[in-house]
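Residue-level structural notes
As a plain string of letters, each chain reads:
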There are 2 protein chains.
Amino acid sequence: MSTTYALEHALVEGVVRDGVLVTVEDGVITDVVEDSTSSGAEVNPSGAQVGGLTIPGMANCHSHAFHRRLRGRTQAERGSFWTWREQMYRVADELTPDSYYSLAVEVYREMRASGITAVGEFHYLHHQSDGTPYDDPNEMGRALLAAADEADIRIRLLDTCYLAAGLDSQGRSREPEGVQRRFSDGDADAWAQRVEDFDDDRVGAAIHSVRAVPRDQMGTIAQWGKGKPLHAHLSEQVAENDECMSAYGLTPAQVLAEAGVLTELTSLVHATHLTPDDVALIGDAGAYACFCPTTERDLADGIGPSGDLRRAGAKLTLGSDSHAVIDLFEEMRAVEMHERLATQQRGHWSATELLAAATYDGHASLGFEDAGRIAVGQRADFVTIDLDTWRTRDTGGGAETAVFAATAADVSEVWHG
Amino acid sequence: MSTTYALEHALVEGVVRDGVLVTVEDGVITDVVEDSTSSGAEVNPSGAQVGGLTIPGMANCHSHAFHRRLRGRTQAERGSFWTWREQMYRVADELTPDSYYSLAVEVYREMRASGITAVGEFHYLHHQSDGTPYDDPNEMGRALLAAADEADIRIRLLDTCYLAAGLDSQGRSREPEGVQRRFSDGDADAWAQRVEDFDDDRVGAAIHSVRAVPRDQMGTIAQWGKGKPLHAHLSEQVAENDECMSAYGLTPAQVLAEAGVLTELTSLVHATHLTPDDVALIGDAGAYACFCPTTERDLADGIGPSGDLRRAGAKLTLGSDSHAVIDLFEEMRAVEMHERLATQQRGHWSATELLAAATYDGHASLGFEDAGRIAVGQRADFVTIDLDTWRTRDTGGGAETAVFAATAADVSEVWHG
């Protein structure tokens, strides 16, 4: 049983087309007819006539759902990333599987309403307060999967290995402290056993960072995650780079490369403070660089070299991370805006390139190759932007309207399968 | 005949209070009772019960209304501020009093809907295409005043002196070129005569910039504008500083200071590329620094020293300038976010300080001392933020919610008088 929708304007392979007929069967696109009006094709669809500009569902590739609770609160503080982290830890300390489920349902609903149809949840809040596993050691992770089901959003649960509080100058790791005990499985083998027992094909792997995972543990994670998405925070803060250099005589990117975890399935989250050699390593691997610019400005991380990474061969993806803002339109334009602030030149990223990051490159970095395009064989995940709001009206209606004029509040419909 | 409104939450003197009763008579606040619920005061208002968080109406201190037409269009281009300016000039070239009126009505309505109750329109599009004045030489300005009336927004028309295309290295000005002929009155005396003939007390003065007004002409403008708001673009681009230094051996701020136009009624728009001496000059004058961060990132201007300016004694105000975005909530937080990106530290501006910039300091910089506070004797201009949208829900409801969580789309009501 197929249904054909008539989309007034739709983004097809990077170009906005008028009068696009999309046929959907069992949640999958089976036919796309561009410019139906001028080609004389059938214009009486069996399904809805959809006004506005329809784009593929977007992928939010880096989420810590519980950080949403800090919005409007942490921003009152002076200080640094590190003082922010203390507040974030206080929230983490209080959560139970039930309360985390309830919180995550709301966060994922907010994502859905903003046009996000898939999320990569970077999940490290595994155990009870003193570090003891729950009866089911994956109870927290299952709460997040259930929340995603409840909110009707696709999820890749990036189960995150977090073993250490940091490194000393001899490269020895420091034991997890305080709430970090909730994060740690003890070693990578125990982490691998736990995620193996999870037995859910929505689970992917993550290495928290070079400060939280000793380098001799990384291979185990890469081995378990082979063929799956593997995500890792990279060089978000200068202090993290300094610690890594002091401990290993290597940059964080070099540590990951030497440990064999830089592949084309790897997503490097933030990638803010990189050397030119780091950029080349990441580009040569064809890895994803997951930028989270609204968080990176909120946390005073700095501006990463997004343009250099693309030119080196990396693929851009986007995440709302701490959820100070949940609006991938804002993330898209912030990548370009931050480059403009850093370089005093305009036009580093085209709207089409930024939409690729928010859609098919994003989905692919989560292991979802079947989403992010309006094309035959893809999932029927669509997001419609109202072109008659205060923000979008009279802005041309092209890809630039989506990237440089629209906000999450301008999403009128989200279609899912 | 007075009416009393019960505001669920309201920003009174920088603090969010619950259950605030505000009595209004002839559009002016005649009584404010804070925390009415706990004090046992009258809680059956004659007017509406207003849910959400109510703040004073906001002032948009720097607007070029016609730039709105570039939204979603100019962002497609690579290049610099200067290539953007070519596009902007093409729009400027086409406008007539009628078409500018229609465009401005929509722009001012968009402002109103976003919580802006007063606008400073930096107006230099005075004459016909070849530079000939209209029959009424103030016809374009009158079109803007009429547009503001139609949109029910208060306006300060900052009638802008623009005489030259730039300076050569001997400090000689170059004649206006192309569309710039629409801007120029020939000399400052002719400008002063025209604005004198305007005969409307909503008219204030502006000096376009050091590149467009030779320094020997500035005194005339300052003289006409004495006791009125006087605005000027300052050091938005490095090239403008270089040209000024080459022509005069002075920075733009030094030129303005020497010409006697730096006073506590002066607003310096952008103030991006300043020397420490410039910052001290501006601070010592107690002038306003009008930041337009969403434009400053869109145009790749850079990040101005907002914190240094405040510490030196300047007062911050905000403008949406090119209208790539019309959202003073975004402008407020962008000031802080840009400082974070530049310094890698958080907490330069508190939410209360940013709200002061968006409200009473902004209104005062436009010469409207009677607006921007919920206080006795002030105009009854209120903006209510819905605290139950995806963005604002569960964010504390304090000043930080307004600054760090809300957007223009979360404004539920705008009250005017």
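Residues numbered from 1 in each chain as written. Chains lettered and ligands numbered in written order. Predicted model: local features only at pLDDT ≥ 70, side-chain atom pairs only at ≥ 80, totals over all residues. Heavy atoms only, no water.

Glancing now at the overall build of chain A. Scanning chain A from N- to C-terminus turns up 15 helices and 16 strands. Its C-alpha atoms give chain A a radius of gyration of 21 Å, near enough to 22 Å, the size a compact globule of 417 residues would have. Considered along the principal axes of its C-alpha atoms, chain A spans approximately 70 × 50 × 40 Å. Across the 417 residues that make up chain A, the buried fraction comes to 63%. Intrachain contacts of chain A at a sequence separation of at least 6 include 73% that bridge at least 24 residues. (Helix = DSSP H or I, 4+ residues; strand = E, 2+ residues; numbered from the N terminus. Rg over C-alpha atoms; globule rule 2.2 N^0.38 Å. Buried < 20%, exposed > 50% of the residue type's maximum accessible area, 1.4 Å probe, protein only. Contact = heavy atoms within 4.5 Å.)

Turning our attention to the pairing of strand β3 (residues 28-33) of chain B. All names here are of chain B. Two elements, strand β2 (residues 15-25) and β3, share five bridges in a ladder whose sense is antiparallel. Paired with Glu25 across the two strands is Val28, which belongs to β3. Connecting β2 to the next strand, β3, in antiparallel fashion are two residues, including Asp26 with a positive phi near 50 degrees. (Pairing = 2+ DSSP bridges.)

With that settled, the discussion passes to the interface of chain B and chain A. Listed per partner, the contact involves 54 residues of chain B and 53 residues of chain A. Between chain B and chain A lies a buried interface of about 4,600 Å² when both sides are counted; carbon and sulfur atoms form 50% of it. Contact with chain A buries surface across chain B, with B:Leu341, B:Arg346 and B:Trp390 losing the most and accounting together for 18% of the total. Our enumeration of links across chain B and chain A arrives at nine salt bridges. Across the pair A:Arg346 and B:Asp298 runs a salt bridge whose closest N-O atoms are separated by 3.1 Å. Where chain B touches chain A, the interface holds 14 residue pairs in polar contact (both at pLDDT 80 or more). The set of elements that each furnish at least two residues to the side of chain B that touches chain A consists of α2 (81-94), α3 (97-113), α10 (293-298), α12 (328-343) and α15 (399-404) of chain B. (Buried area = accessible area lost by both parts, 1.4 Å probe. Salt bridge = Lys/Arg side-chain N within 4 Å of Asp/Glu carboxyl O. Polar contact = N/O pair within 3.5 Å; in protein donor to acceptor, adjacent residues only side chain to side chain.)

Counting 113 residues, the largest nonpolar core has B:Phe66 and B:Tyr108 as the members making the most contacts within it. In terms of residues, this core owes the most to one element, α3(B), which gives seven residues. Apart from the residues lying within four places of it in its own chain, the contact partners of B:Phe66 are B:Met88, B:Val91, B:Ala92, B:Leu95, B:Tyr100, B:Leu103, B:Tyr124 and B:Leu125. By size, the runner-up hydrophobic cluster in this structure holds 112 residues, among which are A:Ala92, A:Ile155, A:Ala192 and A:Ala271. (Core = buried A, V, L, I, M, F, W, Y, C linked by side-chain atoms within 4.5 Å.)

Below, the discussion takes up the packing of α12(B) against helix α13 (residues 351-358) of chain B. Residue and element names in this part refer to chain B. Across the interface, α12 lies against α13 with an axial gap of 10 Å and an inter-helix angle of 130 degrees. Between α12 and α13, the crossing angle belongs to the class labelled oblique. As for the relative orientation of α12 and α13, their crossing is right-handed in sense. In contact with Leu328, Met332, Val335 and Glu336 of α12, α13 contributes Leu354, Leu355 and Ala358. Grouping the constituent residues of the contact of α12 with α13 by class yields six nonpolar, no polar and one charged. (Axes fitted to C-alpha atoms, helices over the stretch in contact; angles between N-to-C directions. Parallel < 35°, antiparallel > 145°, perpendicular 65-115°, else oblique. Left-handed = near helix turned anticlockwise from the far one by under 90°. Nonpolar A, V, L, I, M, F, W, Y, C, P; charged D, E, K, R; others polar.)

We now examine the state of the cysteines. Residue and element names in this part refer to chain A. Evaluation of the coordinates by the stated rule reveals zero disulfides over all chains. Distance from the sulfur of Cys61, which forms no disulfide, to the nearest cysteine sulfur (Cys290) is 5.2 Å. Judged by relative accessible area, which is 0%, Cys61 ranks as buried. (Disulfide = S-S within 2.5 Å.)

Quick look at the pattern of salt bridges now. Summed over all chains, the structure comprises 59 salt bridges over all chains. Between A:Arg297 and B:Glu330 there is a salt bridge, with the nearest N and O atoms lying 3.6 Å from each other. With one member in each of two chains, A:Arg297 in helix α10 (residues 293-298) and B:Glu330 in helix α12 form a pair that bridges those chains. Relative accessible area serves as the criterion here: at 4%, A:Arg297 is assigned to the buried category. When its relative accessible area of 8% is taken as the criterion, B:Glu330 is described as buried. Residue B:Asp381 is joined to B:Arg379 by a salt bridge in which the shortest nitrogen-to-oxygen separation is 3.3 Å. With relative accessibility at 4%, the residue B:Asp381 sits in the buried group. Residues joined in a network through salt bridges with shared partners are A:Arg297, A:Glu330, A:Arg333, B:Arg297, B:Glu330 and B:Arg333.

What follows covers the relation of the copies chain B and chain A. Note on the copies: chain B fits chain A at an RMSD of 0.0 Å, the axial shift is 0.0 Å, and the rotation between them is 180 degrees. On this basis, the relationship between the two copies can be described by a two-fold rotation axis. Among all C-alpha atoms of chain B, that of B:Ala409 lies closest to the rotation axis, at 3.2 Å. Comparing contact sets, 98% of the residues at the interface of chain B also lie at the interface in chain A, consistent with an isologous, same-surface contact. (Least-squares fit on C-alpha atoms with pLDDT ≥ 70 in both.)

Before going further, it helps to examine the packing of aromatic side chains. The tally for this structure, following the rule as stated, stands at 21 aromatic pairs over all chains. Measuring from centroid to centroid gives 6.3 Å for A:Phe66 and A:Tyr124, while their planes differ by 85 degrees, and the two rings are edge-to-face. With A:Phe66 in the loop between β5 (58-63) and α2 (81-94) and A:Tyr124 in the loop between β6 (116-123) and α4 (139-151), this residue pair connects regions lying 58 residues apart in the sequence. Pair check on accessibility: A:Phe66 and A:Tyr124 agree, each one buried. With a centroid separation of 5.9 Å and an interplanar angle of 40 degrees, the aromatic rings of B:Tyr124 and B:Tyr162 are classed as tilted. (Phe/Tyr/Trp six-rings, centres within 6.5 Å; stacked < 30°, edge-to-face > 60°.)

With that out of the way, let us pick up a negative patch on the surface. Residue and element names in this part refer to chain A. Where like charges cluster on the molecular surface, the negative patch consists of Glu196, Asp197, Asp199 and Asp201. Position of Asp201 among the secondary structure elements: in the loop between α5 (188-198) and β10 (203-207). Of the residues examined, Asp201 reaches a relative accessible area of 69% and is grouped as exposed. (Patch = residues over 30% accessible without salt bridge, like charges linked within 9 Å, V, L, I, M, F, W, Y side chains within 5 Å. Areas by Shrake-Rupley, 256 points an atom, 1.4 Å probe, with all protein chains shown as cover. Lys, Arg positive; Asp, Glu negative; His and termini not counted. Charge placed at Lys NZ, Arg CZ, Asp CG, Glu CD.)

What follows covers the sheet that holds strand β4 (residues 49-56) of chain B. Within a sheet, neighbouring strands are paired by backbone hydrogen bonds and run either parallel or antiparallel to one another. All names here are of chain B. Read across the open sheet, the six strands follow the order β3-β2-β1-β4-β15-β16; overall the sheet is mixed. Looking at strand neighbours, the two that pair on one side only are β3 and β16 (411-416), the edges of this open sheet. Averaged over all adjacent pairs, the angle separating strand axes in this sheet is 40 degrees, with direction ignored.

Excluding glycine, residues mostly have negative phi values, and the peptide bonds linking residues are mostly trans. Residues and elements named next belong to chain B. The residue Asp199 is not glycine, and still its phi comes out positive at about 55 degrees. Inspection of the secondary structure puts Asp199 in the loop between α5 (188-198) and β10 (203-207). Residue classification places Asp199 among the exposed positions, given a relative accessible area of 70%. One non-glycine residue, Ser235, lies in the positive phi region at around 50 degrees. Looking at where Ser235 falls in the secondary structure, it is placed in the loop between β11 (230-234) and α7 (238-248).

This next bit is on the environment of B:Gln254. Residues and elements named next belong to chain B. You can see Gln254 is positioned in helix α8 (residues 252-258). A relative accessible area of 24% means that Gln254 is categorised as partly exposed. In this structure, the C-alpha to C-alpha distance between Gln254 and Phe66, residues 188 residues apart in sequence, is 30 Å. Gln254 has contacts with Asp278 and Leu281, leaving out every residue within four places of it along the chain.

Residue and element names in this part refer to chain B. Spatially, β5-β6-β7-β10-β11-β12-β13-β14 is the arrangement adopted by the eight strands of the open sheet, whose pairing is parallel. Both outer strands of the open sheet, β5 (58-63) and β14 (315-318), are each paired with one neighbouring strand and no more. Within the sheet, the average angular offset between the axes of one strand and its neighbour, ignoring direction, is 25 degrees. Bridge count for strand β6 (residues 116-123) against strand β7 (residues 154-161) is six bridges, and the pairing is parallel. For Ala118, the partnering residue across the bridge sits in β7 and is Arg154. Relative to the sheet, α3 contacts β5, β6 and β7, its axis offset from that of β6 by approximately 140 degrees. Lying on the sheet, α5 is in contact with β7 and β10; it crosses β7 at an angle near 155 degrees.

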